[in-house]
Amino acid sequence: MNKFKHTRPLACAIAGACLALAAGGASAADASPAGADALTFDGAIRMWVEALSWNDQRKGTLEFDTARLGFKYDDGRFLAAGRERYYHYTSRQTGAGKGADILFNEYLWAGYRFADKGELHVGQDRMPFGILPYASNNFFESIAWYAGYEDTYALGLHYLRKIGDLNIDAAFFPSDGRHLLSWTRSVGELDGLDSVRYSNHLMTSYGREEKNTSVARVAYPLALAGGKVEIGASALAGRLAATSPALSDGNRRAGAVHVAGTFGNLGVQLETVKYANDFTGNGSVAGNWYGACDNDCVLIGAFGFTNRLAARGHIDIANVTYKIPGSIGPFSQFMVYNDWSRIRKSAAGYADSYQNVTGATFSSGGWVAMIDVSNATNQPYLSPGFGNALGAGGGAKSSGHRFNANIGYYF
């Protein structure tokens, strides 16, 4: 059965609503020069070469990474944005007898800008939590992404406003968005349609769903030591609704503080997060091929795969970047970085997860290259132990390194 046929009407309805809003906005802004160029499109096509220290089948092969297409609308009053992504996995990546094709939405929202420059977004939008837009510089992002606290999207309302220099965000997400506008014909090679999504969330198919999540964030810029520094704090609270009668409901909460600054060509990002997923009774879920999950872990998923995650813990992030001025032949915008992050797990017997990624990025016209070398322990994509690495972790083979060279054309 082609699941895309069932998601296409929803895709058309949401995209149609955004374009209808855009059309209305254009008429409201006819007097503005921005009206003629309010709607823009963007996209990218990327390839990569990778080498995994623990997998001899994934060493040095050039493969397709992704194709993505997005749009933005902004006439000064009405706003809209969306982006869809397509991936093809080889059998080396799925670990199954054949590869997989997936298509999913990254974000899709429509909005309005008020006279005081505040904005209200409705739809699938980024959670305003921690360092924005990313608490990382490398291709793999920080370990917070794998836990659902970086570059994470959900479905609901998001209000943002600047009062003087103070940036304020408040959001309410009745749903995590699930597999909105997703398609795959390869459910057997993946961990189910529920995991075919951009950002990590609890898996409804394994008994529990994120509901009614409230998020608030404040950030303030400062001048310090000749540079610019942002300090901020974030808070998150929501419900974990049981989708199985055998399970009980739960609650989730998280808090973060961060500092991000630039000092000439030098950049620094520091963030710490405390999170908890608690259950009033039976929190156990049946799990998938790598076992069940008790009250000390939850099942999360994205990009077609699921992983166990420690239900409670702390996430620490420390990144440094340096922009190298000038050019070499046709190449410019050189930047080198080192991104470090870890999860300190609260459950007894759970081994912490670490990752460190050293890399560089540069560009030429629309071409962008990103080269990363990672070292990690108990990280499902950067070390052995997929499935349980972010949960109990440990084991004789829990550390590894991964090389990744990603080359893409952006338009």
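Residues numbered from 1 in each chain as written. Predicted model: local features only at pLDDT ≥ 70, side-chain atom pairs only at ≥ 80, totals over all residues. Heavy atoms only, no water.

Some details on the overall build of the protein
Part 1: Looking only at helices and strands, the protein has three helices and 22 strands in total.
Part 2: Every one of the 411 residues in the protein was classed for burial, and the buried ones make up 51%.
Part 3: Taking as baseline every contact in the protein between residues at least 6 positions apart, the subset at least 24 positions apart corresponds to 62%.
Part 4: As displayed, the protein offers around 17500 Å² of accessible surface, 61% of which is attributable to carbon and sulfur atoms. (Helix = DSSP H or I, 4+ residues; strand = E, 2+ residues; numbered from the N terminus. Buried < 20%, exposed > 50% of the residue type's maximum accessible area, 1.4 Å probe, protein only. Contact = heavy atoms within 4.5 Å. Areas by Shrake-Rupley, 256 points an atom, 1.4 Å probe, with all protein chains shown as cover.)

A short note on the sheet that holds strand β9 (residues 201–202)
Part 1: On the basis of which strands lie adjacent, the open sheet formed by three strands has the order β9-β16-β17 and antiparallel pairing. Each of the sheet's edge strands pairs with one partner strand only, and the pair in question is β9 and β17 (305–310). (Pairing = 2+ DSSP bridges.)

Observations regarding the layout of surface pockets
Part 1: By volume, the second largest pocket is sized at about 680 Å³.
Part 2: Along the walls of the second largest pocket sit 29 residues, with His121, Asp125, Arg126, His158 and Leu160 positioned nearest its centre.
Part 3: Sorting the residues of the lining of the second largest pocket by element identifies β2 (55–74), β3 (78–89), β4 (100–113), β5 (119–126), β6 (153–163) and β7 (166–175) as the ones contributing at least two each.
Part 4: Here the lining of the second largest pocket gets five residues from one element, more than from any other, and that element is β6.
Part 5: Tallied by class, the residues present in the lining of the second largest pocket amount to 13 nonpolar, three polar and 13 charged. (1 Å grid on protein atoms, 1.4 Å probe; cavity = no way out; pocket = protein on both sides within 12 Å on 5 of 7 lines; lining within 4 Å. Points joined across faces, edges and corners; volume = space filled by probe spheres on them. Nonpolar A, V, L, I, M, F, W, Y, C, P; charged D, E, K, R; others polar.)

Focus: the pairing of strand β1 (residues 39–52)
Within a regular strand, side chains alternate between the sheet's two faces.
Part 1: Bridge count for β1 against β2 is 14 bridges, and the pairing is antiparallel. Bridge pairing in β2 places Asp42 opposite Gly70.
Part 2: In textbook terms, the turn of a hairpin is the stretch between consecutive antiparallel strands, and for β1 and β2 this stretch comprises two residues.
Part 3: In this structure, β1 lies alongside strand β22 (residues 399–410), joined through nine bridges in antiparallel fashion. Counterpart to Leu52 in the pairing with β22 is Arg402.

Thoughts on the confidence of the model for the protein
Part 1: The predicted model of the protein averages 90 in pLDDT, with 89% of residues at 70 or higher.
Part 2: Note on residues 1–33: pLDDT is under 50 here. Beyond four places in sequence and across chains, it has 37 contacts. (pLDDT = per-residue confidence, 0-100.)

A short note on the packing of aromatic side chains
Part 1: Here the structure, examined in full by the defined rule, presents 26 aromatic pairs.
Part 2: Ring centres 5.7 Å apart and planes at 45° place the aromatic pair Phe129 and Tyr149 in the tilted group. Within this pair, whereas Phe129 is found in the loop between β5 and α3 (143–147), its partner Tyr149 is found in the loop between α3 and β6, the two being separated by 20 residues in sequence. Summarising the burial analysis for this pair, Phe129 and Tyr149 share the class buried. (Phe/Tyr/Trp six-rings, centres within 6.5 Å; stacked < 30°, edge-to-face > 60°.)

So, the side chain of Arg58
Part 1: Mapped onto the fold, Arg58 is located in strand β2.
Part 2: A polar atom in the side chain of Arg58 sits 2.9 Å from the side chain of Glu50.
Part 3: Ignoring any residue separated from it by four or fewer positions in sequence, one finds Arg58 in contact with Glu50, Ala51, Leu52, Arg92, Gln93 and Arg402. (Polar contact = N/O pair within 3.5 Å; in protein donor to acceptor, adjacent residues only side chain to side chain.)

Topic: the nonpolar core
Part 1: With 60 residues, the main nonpolar core has Tyr149 and Ile315 as its most contacted residues.
Part 2: With near-sequence residues (within four places) excluded, Tyr149 lies in contact with Phe129, Ala144, Leu236, Arg252, Ala254, Tyr275 and Ile315. (Core = buried A, V, L, I, M, F, W, Y, C linked by side-chain atoms within 4.5 Å.)

Topic: the pairing of strand β20 (residues 353–364)
Part 1: Both strand β19 (residues 332–345) and β20 contribute to a ladder of 10 bridges, which runs antiparallel. Looking at the pairing, Asn338 lines up with Thr358 of β20.
Part 2: Inspection of the sheet shows β20 paired to strand β21 (residues 367–377) by 11 bridges, in the antiparallel sense. Of the residues in β21, the one forming a bridge with Gly359 is Asp372.
Part 3: Hairpin remark: β20 followed by β21, antiparallel, with two residues in the connecting loop; positive phi at Gly365, about 60°.

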